[in-house]
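# What the coordinates show
Here is what each chain is made of, one letter per residue.
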Amino acid sequence: MPIATTRTGAKRDALLKAEAAEVLATDEEDVVERVLGLTAGRGAEFVFDAVAGPGVLDLARAVAPGGTLIEYGALSGVTSGLRTGAFAPAVDRVFGLDEIVEAHRYMEAGGRVGKIVVTVDH
């Protein structure tokens, strides 16, 4: 059952028309309580979050055991922490796109501490 979220109920009709089975207004109701209620206490199998803001904590609590939370955007501006230096990513090694095979081998070796970054020049 697809459950859509929006900050307020203003978009409820449009989301229902787009085939959401239910619409939760995150600023107006308890997301965790509603998701658990709609799923008989189990939680959501898959949660897709394009915002990556403070609400992700509630979304994580609404995921079923063994479920998946997918963060695919940063619309909340969390990337500003990278620009200001508040977040310091742990980068183990940087590869160019022409080194992708080597980067994959390095990843498979499992000895890294931090993230492997592949740069793409335009």
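Note that this is a predicted model, so its numbers are computed, not measured.

Definitions and cut-offs
Residues numbered from 1 in each chain as written. Predicted model: local features only at pLDDT ≥ 70, side-chain atom pairs only at ≥ 80, totals over all residues. Heavy atoms only, no water. 1 Å grid on protein atoms, 1.4 Å probe; cavity = no way out; pocket = protein on both sides within 12 Å on 5 of 7 lines; lining within 4 Å. Points joined across faces, edges and corners; volume = space filled by probe spheres on them. Helix = DSSP H or I, 4+ residues; strand = E, 2+ residues; numbered from the N terminus. Nonpolar A, V, L, I, M, F, W, Y, C, P; charged D, E, K, R; others polar. Buried < 20%, exposed > 50% of the residue type's maximum accessible area, 1.4 Å probe, protein only. Arc of directions from axis to C-beta. Contact = heavy atoms within 4.5 Å. Polar contact = N/O pair within 3.5 Å; in protein donor to acceptor, adjacent residues only side chain to side chain. Core = buried A, V, L, I, M, F, W, Y, C linked by side-chain atoms within 4.5 Å.

## Concerning the layout of surface pockets
Within this model, the largest pocket holds a volume of roughly 890 Å³. Considering the residues around the largest pocket, the lining is formed by 30 residues, among which Thr5, Thr6, Thr26, Phe48 and Leu59 are closest to the centre. Ranked by the residues each element gives to the lining of the largest pocket, the list is headed by strand S3 (residues 44-49), at 6 residues. Grouping the constituent residues of the lining of the largest pocket by class yields 17 nonpolar, 7 polar and 6 charged.

## Details of unusual backbone geometry
Here the phi dihedral of glutamate 19 falls at roughly 80 degrees; this positive angle occurs in a residue that is not glycine. As for its placement among the helices and strands, glutamate 19 is situated in the loop between helix H1 (12-17) and strand S2 (22-25). The residue alanine 40 is not glycine, and still its phi comes out positive at about 55 degrees. Structurally, the position occupied by alanine 40 is in the loop between helix H2 (31-38) and S3.

## Remarks on H2
Listed in full, the buried residues belonging to H2 are Val31, Val32 and Val35. Seen along its axis, H2 keeps its buried residues to an arc of 95 degrees; they face one direction. Those residues of H2 that are exposed and angled more than 90 degrees off the buried face are Glu33 and Gly37. Residues of H2 that are buried in the fold lie against S2, S3 and helix H3 (56-61). Where H2 begins, the capping side chain belongs to aspartate 30, and its oxygen is found 3.0 Å from the backbone nitrogen of valine 32. Backbone geometry just downstream of H2 places alanine 40 in the positive-phi region, at approximately 55 degrees.

## What to know about the nonpolar core
Leu24, Val31, Val35, Ala44, Val47, Leu59, Ala62 and Val63 together form the largest nonpolar core, which totals 8 residues. At the level of elements, H2 and S3 are the ones that each hand at least two residues to this core. Each residue touching leucine 59, except ones within four places of it in the same chain, is listed here: Val31, Val47, Asp49 and Leu69.

Read these as layout, nothing more, since geometry by itself doesn't imply function.
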